[in-house]
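# Report on the structure
Below are the chains, spelled out letter by letter.
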There are 2 protein chains.
Amino acid sequence: MMQTKIAIDAMGGDVGPSVTVPAALTFLAQSPDCRVLLVGRTGDIKAALSDARSVARDVLSRLEIIEAPELVGMDEDIRSAIRNKKRSSMRVAIDLVKSGDSHACVSAGNTGALMGTAKFVLKTLPGIDRPAICGVLPSRKGVVYVLDLGANAESTSEHLLQFAIMGAMLCSAVEGKPSPTVGLLNIGSEEIKGNEITKSAGELLKSSHLNFYGNVEGTDIYKGTTDVVVCDGFVGNVMLKASEGIAKMMGDFLKEEYTKSPIRKLMALASLPALNGFRARVDHRQYNGAALLGLRGIVVKSHGSADTFSFGRAILRAQSEAEHGLLGKISAEIERLHREGLLVPSASSDESESSSKLAAE
Amino acid sequence: MMQTKIAIDAMGGDVGPSVTVPAALTFLAQSPDCRVLLVGRTGDIKAALSDARSVARDVLSRLEIIEAPELVGMDEDIRSAIRNKKRSSMRVAIDLVKSGDSHACVSAGNTGALMGTAKFVLKTLPGIDRPAICGVLPSRKGVVYVLDLGANAESTSEHLLQFAIMGAMLCSAVEGKPSPTVGLLNIGSEEIKGNEITKSAGELLKSSHLNFYGNVEGTDIYKGTTDVVVCDGFVGNVMLKASEGIAKMMGDFLKEEYTKSPIRKLMALASLPALNGFRARVDHRQYNGAALLGLRGIVVKSHGSADTFSFGRAILRAQSEAEHGLLGKISAEIERLHREGLLVPSASSDESESSSKLAAE
C-alpha cells in the first residue's frame, strides 16, 4: 500500500515545535498508512519529541527529521524569504513536495512568505494566473469552501473565474460532489449589484461550465446556500476575520453569563452536555487548514496561532487532499480547460509572462 | 420644550404598518417629548392603529398620519422610485425632513431607493461626494461605528477619508467622545497590506485631523480596537451580513443543543437567566438602525425584516441623532473642513458636478 508522506514545517507558527511535533505524533498514531517528514532545526525537534510522554515505536518509525537551520519570521518580507532563506523549514518543506519526496506540506508560517515561496518553487498550473487560499467553513448544511481568503488583495474577474474553477474542483475531490454549486459573493442592495469586477465575473461564471448558482450574500455563506463561495482576497480575508471575531465575542459572552454567580456556574455544570455540544460545533479549530490552490503541489496553510488539535486538523486536510488525488484531478481538469480555451487568462495579470512560460514547459 | 418630530415611512419593510405602527406607538409612550408623523396609506395605518390593544390619549395626540398613496417596492429601481413615486411613503417622509416638518426620518424600505431619494431630495453636505451608511455594532468594549455598510459598491481613497470624518462625527455626537479613534479596515497578511485604495486612504487618514489608529483587521471590529471602522461599501456589506449569518448559525446551534433531549430542555429552563442574558447581549435587533451620513438631513435605515422591537430601536436612533444635534454639528464641521481644505474631494467622483453645485448654493 502506498504511504502518504506529509512534510511539516515544524518551525512555523507562533510557537513552532511545541505544537507541530505533538500534532504530528498524534496524526501518525491515528494514520498508520502515513509518514511525516518533520522539517526544521533537528535539536528543537528532538527536544519537542523528548517532551512527548510516550511514543510508540511504530510512530517513530514513520517519522523522519529533515534538517533546515533557517527560520522565516512571521512578519518577514516575501522576497527576503525567497532569496535569503533557502534553507528555511518552510522552503525545505515545499522543496520536498517539488521533488516528490512528500505528497503535501503543511505550514503555520507567515502566509505571504508561504504563498510566495510555494509559487516560486512549485509554479502555478497552466492557465492559472494566481494561486488562491481556499478555506472550509462550517455552514447549516455542513461545510462551505470559500476562496480567496487573502492571497490576493486585488483580483480581476478572470481571476475570480479561475478561483471558482479551483474551489469547485477541491470541493468535488474532497467532498465527492460531482458538480458543486458555486456562488459569487456580492452585496444585496438593490441599488448596486456589486462593483465592476463582480459584475463581469458574474458574466464569466454564467457562461462557464461550472454549476453557477448566481450571486450570494454574506449571510448565504453560513446558510450553506452553495457548496463554494468565490470572492476577492480582500473581501474574503475581512469576512473570515470578522466571522472569527464575532464568534469569539459570542463565545466569551456565553461564558461570562454562565459564570456570573455560583448558581449560574452550577447550571453550567449541569448543562455541560449541551454546552460542550455547542462548543464542539462552533469550534473554529476544527476548520483549520486552508488549501493554497493553483500550484503544482499540495500546500496547506495552518493558522499561525494554531494549537496542537488545530494544527492536527490542518495535517488531516493535507492528507485528505493527497489521498483524494487532488493534484492529479485539478491538474488534468485545468489542463483540459486551458486546452479548450475555457480558462480565460487575465489580460491585466502581472503574471502573464511567467504563466505563459509555464504553459510552454 | 422643543418636541422632536420623527417622520416614519409606515409602509416600508417586509410587512409595513403591522410593524411600523406598533413600534411608533411604543416609542411615543416611552418618549413623552416626541411626536411621530406616520407616512403612508391612511387606511392601512388606521387599520394597524385599531389593531393596537389600547393606546393612551396622550400618545394619540402626538401622532399624525400623513397620507402617501404610493409604495416603493423592496426591489424597485432607484430611478423609478425617484421619478415615478413622488407620492410614496418613503419620498414623503424624506420631504418632511427637507421642509423642516420633521427632525429625522426612518424607513425600513429598499436601501438603494432610500439612499437615492434622500440624496436627491436632501442633497449632500458641501465637500461630501457620496453619502455612506453607518451602522453601530456590538463590541467587547461597547459599540463600534462601522461605515460604509453598502451605500457605495466602489469607493476612492478620498471617499474613505470623507466616510471616516462623518463616522467620527456621528460617534462623537452620539457617544460624547471628543476624539474617537478611527481604524481603516484592511487585511492582515504581511504579504499584501491592502489594495491600492486602502493604501492611499491610509496616507490620507494619517495626515488628516482625525485620531487615526491605523489599519485594523476583521477581528478588531468586535474586539472594539477602535471607536470607528471605515471601509468601502462592498467590504462593509459582506462583513456585516457574514457576521449576521454566523451569529444566527451559532444561536441556532445553541438552541438545538439545548433541545436535543428532555433533560437538556430542563437544563435550559434552569439556565434561563444565563441564556437570556446571553441572548440579550447578542441580539442583533437592538443594533438595528443605520445612519445615512453625508446628507443635509437625518435619515435612518432600518433592516427590511425588522420586527416591532427592532424597528423601535431604529426610531430611537433617529431620535438620538436629532436630539444630539447631529445635523448641526456635522454640517458645521464639514463646512469648516471644506473651507480649510481638509476635505479632499475625489477627482474621480461621478458626483463632482453636483457637489460643486451644492457647494456654490
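Before reading further, recall that the structure is shown in the block above.
Just so you know, these numbers come straight off a predicted model, no measurement behind them. (Residues numbered from 1 in each chain as written. Chains lettered and ligands numbered in written order. Predicted model: local features only at pLDDT ≥ 70, side-chain atom pairs only at ≥ 80, totals over all residues. Heavy atoms only, no water.)

For the rest of this paragraph, the subject is the nonpolar core. One broad trend across soluble globular proteins is that nonpolar side chains are buried collectively. Counting residues in each nonpolar core, the largest one holds 112 residues, and the members touching the most others are I221(A) and I221(B). Beyond its immediate chain neighbours, meaning those up to four positions away, I221(B) contacts A242(A), L137(B), S139(B), V144(B), V146(B), L185(B), V229(B) and M239(B). (Core = buried A, V, L, I, M, F, W, Y, C linked by side-chain atoms within 4.5 Å. Buried < 20%, exposed > 50% of the residue type's maximum accessible area, 1.4 Å probe, protein only. Contact = heavy atoms within 4.5 Å.)

Next up on the list: the sheet that holds strand 5 (residues 132–139) of chain B. Residue and element names in this part refer to chain B. As summarised here, the arrangement of the 11 strands in space is 3-2-1-4-11-10-5-6-9-7-8, forming an open sheet in which the pairing is mixed. For this open sheet the edge positions go to strand 3 (63–67) and strand 8 (211–216), each flanked by a neighbour on one side alone. Within the sheet, the average angular offset between the axes of one strand and its neighbour, ignoring direction, is 25 degrees. Relative to strand 11 (residues 298–301), strand 10 (residues 290–293) is paired through three bridges, and the arrangement is antiparallel. Counted as the bridge partner of A291 is V300 from strand 11. Helix-sheet contacts for helix 6 (residues 111–122) involve strand 4 (104–107), strand 5, strand 10 and strand 11, and the interaxial angle to strand 11 is about 175 degrees. (Pairing = 2+ DSSP bridges. Helix = DSSP H or I, 4+ residues; strand = E, 2+ residues; numbered from the N terminus. Axes fitted to C-alpha atoms, helices over the stretch in contact; angles between N-to-C directions.)

A word on the interface of chain A and chain B. Every contact between the two is made by 65 residues of chain A and, on the other side, 65 residues of chain B. When chain A packs against chain B, the two sides together hide about 5700 Å² of surface, and 70% of this comes from carbon and sulfur. Contact with chain B buries area across many residues of chain A, yet F234(A), M250(A) and R281(A) alone supply 12% of it, more than any other trio. The interface formed by chain A and chain B includes 10 salt bridges. Here R281(A) makes a salt bridge to E257(B), at a shortest N to O gap of 3.1 Å. Our count for the chain A to chain B interface comes out at 20 residue pairs in polar contact (both at pLDDT 80 or more). Taken together, the elements giving at least two residues each to the side of chain A that touches chain B come down to helix 6 (111–122), strand 5 (132–139), helix 8 (196–206), helix 9 (218–223), helix 10 (233–258), helix 11 (262–270) and helix 12 (272–282) of chain A. With 22 residues, the single largest contributor to the side of chain A that touches chain B is helix 10 of chain A. Grouping the amino acids of the side of chain A that touches chain B by side-chain chemistry returns 30 nonpolar, 21 polar and 14 charged. (Buried area = accessible area lost by both parts, 1.4 Å probe. Salt bridge = Lys/Arg side-chain N within 4 Å of Asp/Glu carboxyl O. Polar contact = N/O pair within 3.5 Å; in protein donor to acceptor, adjacent residues only side chain to side chain. Nonpolar A, V, L, I, M, F, W, Y, C, P; charged D, E, K, R; others polar.)

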